[in-house]
Amino acid sequence: MAHIIVVGNEKGGAGKSTLSMHIATALVRMGHKVGALDLDLRQKSFGRYVENRLAYAAEHGLELPTPDYHDLPEIDPATLQQGENIYDHRLSAAVATLEPDSDFILIDCPGSHTRLSQVAHSLADTLVTPLNDSFVDFDLLAHVDRNADQITGPSVYSEMVWNARQLRAQAGLKPIDWIVMRNRMGAQQMVNKEKMGRALDRLAKRIGFRVAPGFNERVIFRELFPRGITLLDLRDIGVKQLNISNVAARQELRELIKALNLPGVTADF
């Protein structure tokens, strides 16, 4: 069976699509077969990223390692039984199509609470939640007191993950390996950065996730999307000498892939 990786966070702007593309591309470059789905049926940032990549590669005669991206299939409502949800069927049909030929299926969720996102979380073998290094974003996971020193309770997204874990347990499936990745971190040791680190460590023990090394704030991530490329493609498109920032970003990606601890993956790229 394919190992399902879900990239989820109910807050927009956390970098889910960029992260999804980099994880998927890294796995393909390591020789794994990767299927991919985008559950944001309106924006489709991840789907657009793949589309841009294919167009850029075709225009320049390149062979860029690319995940096998599929849109969710349409389902005839007349085929549903009473009480069945059409989105459940669309997602299960897409996963069933990808699974026979995939080592991994990566699912990018929308930045909001939807039925598709909720079901996808219950399918996750590995859940990756990118989190901007800010207490505005931390509030998605848990509430803190005014000094950001004490956690006062879990928030809506954590409760949703808990429900997904319960569903998996009831179905006899292995637990979700939940990883929270700090994103857009500043290079300097600010007070906020230290407080975020302490709060995440406390919350990780309380609700059961692992904290993974993430990406520092880098301009290059904003420049890659229109061409559909990733940090791993720079030499393929003619960049002969990577600058210090690019090298550091590749190392951050390598450390993240290692931290995910995916089956059969050595982060050799």
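Located above this text is the structure these notes cover.
Residues numbered from 1 in each chain as written. Predicted model: local features only at pLDDT ≥ 70, side-chain atom pairs only at ≥ 80, totals over all residues. Heavy atoms only, no water.

K.L.:
Hey, could you run me through helix α2 (residues 45-60) in this one?
P.N.:
In an α-helix, one turn spans 3.6 residues, which is why side chains three or four residues apart end up on the same side. Spanning 16 residues, α2 covers 22 Å between terminal C-alpha atoms, matching the ideal 22 Å at 1.5 Å per step. Taken residue by residue, α2 has Phe46, Gly47, Tyr49, Val50, Asn52, Arg53, Tyr56 and Ala57 as its buried positions. Of the surrounding secondary structure, the elements contacted by the buried residues of α2 are α1 (16-29), β2 (34-38), β3 (68-69), β4 (104-108) and α8 (220-224). Immediately beyond the C-terminal end of α2, within one or two residues, lies Gly61, with a positive phi of roughly 65°. (Helix = DSSP H or I, 4+ residues; strand = E, 2+ residues; numbered from the N terminus. Expected span 1.5 Å × (residues − 1). Buried < 20%, exposed > 50% of the residue type's maximum accessible area, 1.4 Å probe, protein only. Contact = heavy atoms within 4.5 Å.)

K.L.:
Help me understand the packing of aromatic side chains, please; the structure alone is not making it clear to me.
P.N.:
The geometry of two aromatic rings is summed up by the distance between their centres and the angle between their planes. Taken as a whole, this structure holds 6 aromatic pairs when the rule is applied. By the ring-pair criterion, three or more aromatic residues cluster together here, those being Tyr157, Trp178 and Phe209. (Phe/Tyr/Trp six-rings, centres within 6.5 Å; stacked < 30°, edge-to-face > 60°.)

K.L.:
Sorry if this is basic, but what is going on with the nonpolar core here?
P.N.:
What tends to happen in soluble globular proteins is that the nonpolar side chains get buried as a cluster. Residues Leu27 and Ile257 are the most contacted members of the largest nonpolar core, which totals 44 residues. Of all the elements, α1 adds the most residues to this core, at 7 residues. Leaving out residues up to four positions away in the same chain, Ile257 has contacts with Ile23, Ala26, Met30, Val265, Ala267 and Phe269. In terms of nonpolar packing, the next biggest core, distinct from the first, is built from 38 residues, Cys109, Met196, Leu203 and Ile207 among them. (Core = buried A, V, L, I, M, F, W, Y, C linked by side-chain atoms within 4.5 Å.)

K.L.:
What is the right way to read the environment of Phe269 from this model?
P.N.:
Looking at where Phe269 falls in the secondary structure, it is placed in the segment after α9 (244-260). Since its relative accessible area comes to 18%, Phe269 is described here as buried. Each C-alpha atom, one on Phe269 and one on Leu127, is 22 Å from the other, the two residues being 142 residues apart in sequence. Each residue touching Phe269, except ones within four places of it in the same chain, is listed here: Ala26, Met30, Leu232, Arg250, Leu253, Arg254 and Ile257.

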